[in-house]
Each structure stands twice: as structure tokens, then as C-alpha cells.
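Chain residues, written in single-letter form:
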Amino acid sequence: MRVEVPGAYRTAGAGERVALLQRKLLEETGEYLGEGTPEELAGILEVVYALAAERHGLGREDLESVRAARAAARGGLTRDTVLRDEPPPVRHSVRAVLLDGDDLVLFRRVRPGRAPYWITPGGRIEPGDASPEAALRRELDEELGATTGPVLPLVTLGEPGARYSVFACRLRSLDLSRRTGPEFDDPAAGTHEIRRVPCTPEAIRAVDLVPEALAGFLAANAAAIPALLDAATAPGRYRPVVDVHLLLVDGEKVLLGRRRDTGYADGEWHIMPSGHLEEGESVLDTAVREAREELGVRVSPADIEPAHVMHHRNAGGTARIGLFFVCRRGYGTPVNAEPHKCAELGWFPADALPPDTVPYAAAGVRAVAEGRGFSLHGWHTPSPAELRAEAARAGYGELAVAVVARRGDAVLVLSDAETDRLPSRLLAPGESLEAALEKALEKAPYAGPRFVRAEDYVPVTGGQGRRFYFAAEIPEGAPIPPLARLLPAAALAEARLPVAERHAVRDALAGDMRARR
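By the naming in an unreviewed UniProt entry, the chain goes by 8-oxo-dGTP pyrophosphatase MutT (NUDIX family) and is assigned to Thermocatellispora tengchongensis. What UniProt records for the chain under Cofactor (unreviewed entry) is the sentence "Mg(2+)".

Encoded structure:
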């Protein structure tokens, strides 16, 4: 096929002929609808025959046989046929620009009777999908057993009969053993080969990516998409949360409130009043505002005494600065002014707080009572029980564990024909991290495990998910699970692990090296 370029023709490459013929079909159809000549109608037929041969391997007689069979089954277009005067249905699909480090995760599709082509993960929006984003996460789970971080809507593309909502996201985990899409069990549907392609214009143009509109969009914007996604979803310069706690004291007792419907530590006791420092406020302004909003009392800044500074880190989560102040007089009678956030108020001895007090708050009250000016809290390596409890406080709907199991300088990975992954497991409702780790390691007698890091993701059902990575030692002679192999650490860069799992492996190995020093 010749492609017209300014002042010349060139021969179309094998990977672009189908896309160019499809574009030519739209062009010829538009010309016929505009002019209505037999010559333009013949032009459409010429392109149809070329597409039949190029895309489907059908000659003219073969195509005519297909047409005749279809007409016999569904009725042909005769003079007596009544055509419905309504627009054709539009198929609405979602497509994922799935980034893994600097690469795009694509499928190379190989189907009988058609030249190989490439697609992004995704598919049709189903009636049960709550939103296009929900459809995207369902498709990623069905096609790749994949989880990702937040998604960024990029563009909506259209072509006759189809509309594509395109989202960008970064891969968190990939497990083909969870793949459930029916197309993967149908030999007639061909194969879906997972390929990673650099997210560059040159690499995208080098493959036959369909649909054509998406291929053109990605090639034109490949350099900008990763930075755009990171700017929209990744944290910028580190700015810690500053918590301001005001301890109202009555003799030896302090005032606490039981949290309700706040999204964090609901059902547990916490210091009242307390809240986040807001832009433009001094810490004293925050204490005065929170006392008025939560307890209906007016506190004078002159009656507020600084008592303690804490640098706290949630188990498996982020760090924050806690500023603790004391007010011993002039605050009147506190009332529960926010019953939608606080179930009840209570006065408790500072040395006998309820056992279900938020640990961070309890540590702050103890430090104030002991007269300490500064403390660190939560900076030890947390236990599985502490990690599980903090995840429950923060309202995570789905939890998972993954294990960096090491023997010498090699790491255990589970491998299939296309990918590598770390041993992992989703927690069942009520399951402990210890039990999930034991099952992830298939009850092998590995030493450890030791917590390495946590990473948040968005589950297929939406909401929040957190994945905990642990390091473990494989003793000599311990069995290796089926489908597993030991990957030398030196070969990590060449492994087929998702980038997020490579980072976890590096963190685990670095922690082991520090421990041996």
C-alpha cells in the first residue's frame, strides 16, 4: 500500500497498513456521503476488499461467502427492508496507560488469521461497574491480577461506534495466578503476551498499537504522561502533619473523647480537644479553635502551657509532629459539641487511661505526666500485631503481605512464562499478618520474618489497600515452593518483577546489610 506524503508516495510498513486502511475507509465513506457518486462507492468497496485481505486473510469470494451467510441468518438489505432511524450503539471502554517504572505494560496480541498487534490493558464498561475507574480496576484485576496506585484521567477518545476513557496509573503488584478473564482460556481468542515497552514516542511508534487514536495520543504525549501522573498523585516536598493536643486537666485527671465516624481510630479514646494545624494559624490559635469547636469552651492563650513535643510514626505509615499543651484553669464546663465525631467524653487519671486509648495519645499523656519535654514514638520496627492494629484504625479495607525470602545473595521469586513476583497473600477477614505470612511462605520453616516497608494501593473494589513487605531467611535445606526459583541479587535489574517489588527487595537487602554490620 502506498501512503501519500507531501510531494511523494511511500510504501506503508507491515505494522501500519491495517490502521491506514481503516482511516482510508473513513475517508472514502465521507467522500461518498458528500458526493454520492458510483465512483466513490467503488472506492469504499476497494478498501473493504483490501482490509479483508490484510486483516482477515479473506479473498473477495471468501468475503462474499461471509456476507451471504450473514444475510441468510439475519436478513439482507432489500428494497422492502425497514432501517431503524436511530444512532448506532457506542461501545464505551476503558484503557490503562499502565506504567511500571519507565515502561508501559502492554499486551502483544497474536490471533489466528491476523498479524500481531498491541493493546493497552482494559475493556468494556459493564453494567455493574460503578464508574469508569471501577471498570478499569476490574479489568486490570481480570487481565493481570494487578493492583495500582491512584489513577489519573488523561483523555476520552472516540471513533465510529466506540469511545475510550483513558487513565494513567502506576503498577503496584502483578499476579497472573489471579487472572480470571474468559478470553485467556479461549484458544480462538489467541494469546496475550505481556510486554514492557519504554514510554517514549519512538518505542510506541515502533509497535502496531491499536486503536489508532490511542496510539497517536500516546506517541504525542509519552514524554509528559509519567511526570503528569507523578505530579498529580505523588507527594511533593515533605511537609509533616502537625497535631495540636490540648490536655484539659482537673486535678490528676485528663479529658478524653471516644472517637466516632471520623475514619481513624473510631471507637478508641483520644485527647480532647485536638486537631491539625491549619495554614495561617499559630499552634495556640489551633488549640483555642479546637477547644471551641469540640467542647464549646473558650480558652485563653494565656492559660495554655507548652508541655511536650513528640515525633511520632504510625506503624507502617507516615510520621507526624505532635505538640502537647496543658490548660489547668479558665476553661469552663466542657460539653460534647461534635456528637457526630465523638461518642462520649470521660475524665481519667493520667496514669490509668483506658486500655483502648490510641497509643500515640496515651504516650503523649504519659510524657506530659512525667515532665518530659521531647520523645520519639513509633520509630522502632513494628510487630505484625502493631501493623495490623494501625491498619484497622486507619480503615484499610484490604490488606496483603509479600515476602522477600533470601538465601545467601539470592531472593525467592515465583515465576511463570511471562512474569516474576514475590510470594504474597491477601488477608482474609479477621486473619492476622502472622497467619497470612505463614500461608504465603507455604508453611516453610523460614527464619524471621522482619518488617521492611508498607505500600498503599487501591483495591479492585475501591477504597484503601495496604501491602506489607517482610524479609525472611531461607535456611539451607529448606524446601523451595513449586514454581519458585532463587534469583541472584545481582540479576535483580533484569528480573520481571514489578518495579515496586524490586524496591522492596533492595530495601530488604539493605536492611540485612545494616543488621550484619
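Draft legend 1. Fine view of empty space enclosed by the protein. Following the criterion strictly, the structure yields one cavity of 30 Å³ or more and no others. Together, twelve residues line the largest cavity, and Val18, Arg114, Ala115, Tyr117 and Asp208 are the ones closest to its centre. For the lining of the largest cavity, the elements supplying multiple residues, two or more each, are α1 (17-35) and α2 (38-56). The dominant element in the lining of the largest cavity, judged by the number of residues it contributes, is α1, at three residues. Of the residues in the lining of the largest cavity, the class split is seven nonpolar, one polar and four charged.

Draft legend 2. Quick peek at the pairing of strand β19 (residues 398-407). Most of β19 is tucked away: ten of the ten residues are buried. The pairing of β19 with strand β24 (residues 465-473) spans nine bridges and is classified as parallel. Counted as the bridge partner of Val403 is Phe470 from β24. With three bridges joining them, β19 and strand β22 (residues 424-426) adopt antiparallel strand pairing. Paired with Ala402 across the two strands is Ser424, which belongs to β22. Bridge count between β19 and strand β20 (residues 410-415): two bridges; the pairing is antiparallel. Looking across to β20, one finds that Arg406 is bridged to Val411.

Draft legend 3. Here's a closer look at the packing of aromatic side chains. Throughout the structure, instances matching the rule amount to four aromatic pairs. Seen in terms of ring centroids, Phe324 and Tyr360 are 6.2 Å apart; in terms of plane orientation they differ by 80 degrees. Their pairing is edge-to-face. Remark: Tyr360 occurs in helix α9 (residues 359-369) and Phe324 occurs in strand β16 (residues 319-327); sequence separation between them is 36 residues. Residue class for Phe324 comes out buried when judged on its relative accessible area of 1%. Owing to a relative accessible area of 7%, Tyr360 belongs among the buried residues under this scheme. Within the aromatic cluster, the residues linked to one another by ring pairs are Phe451, Phe468 and Phe470. When the ring centre of Tyr117 is taken as origin, the NZ or CZ atom of Arg114, which lies over that ring, is 3.8 Å away.

Here is what the cut-offs are and how they apply
- Residues numbered from 1 in each chain as written.
- Predicted model: local features only at pLDDT ≥ 70, side-chain atom pairs only at ≥ 80, totals over all residues.
- Heavy atoms only, no water.
- UniProt positions renumbered as here; feature names shortened; annotations may be inferred.
- 1 Å grid on protein atoms, 1.4 Å probe; cavity = no way out; pocket = protein on both sides within 12 Å on 5 of 7 lines; lining within 4 Å.
- Points joined across faces, edges and corners; volume = space filled by probe spheres on them.
- Helix = DSSP H or I, 4+ residues; strand = E, 2+ residues; numbered from the N terminus.
- Nonpolar A, V, L, I, M, F, W, Y, C, P; charged D, E, K, R; others polar.
- Buried < 20%, exposed > 50% of the residue type's maximum accessible area, 1.4 Å probe, protein only.
- Pairing = 2+ DSSP bridges.
- Phe/Tyr/Trp six-rings, centres within 6.5 Å; stacked < 30°, edge-to-face > 60°.
- Lys NZ or Arg CZ within 6 Å of the ring centre and 35° of its normal.

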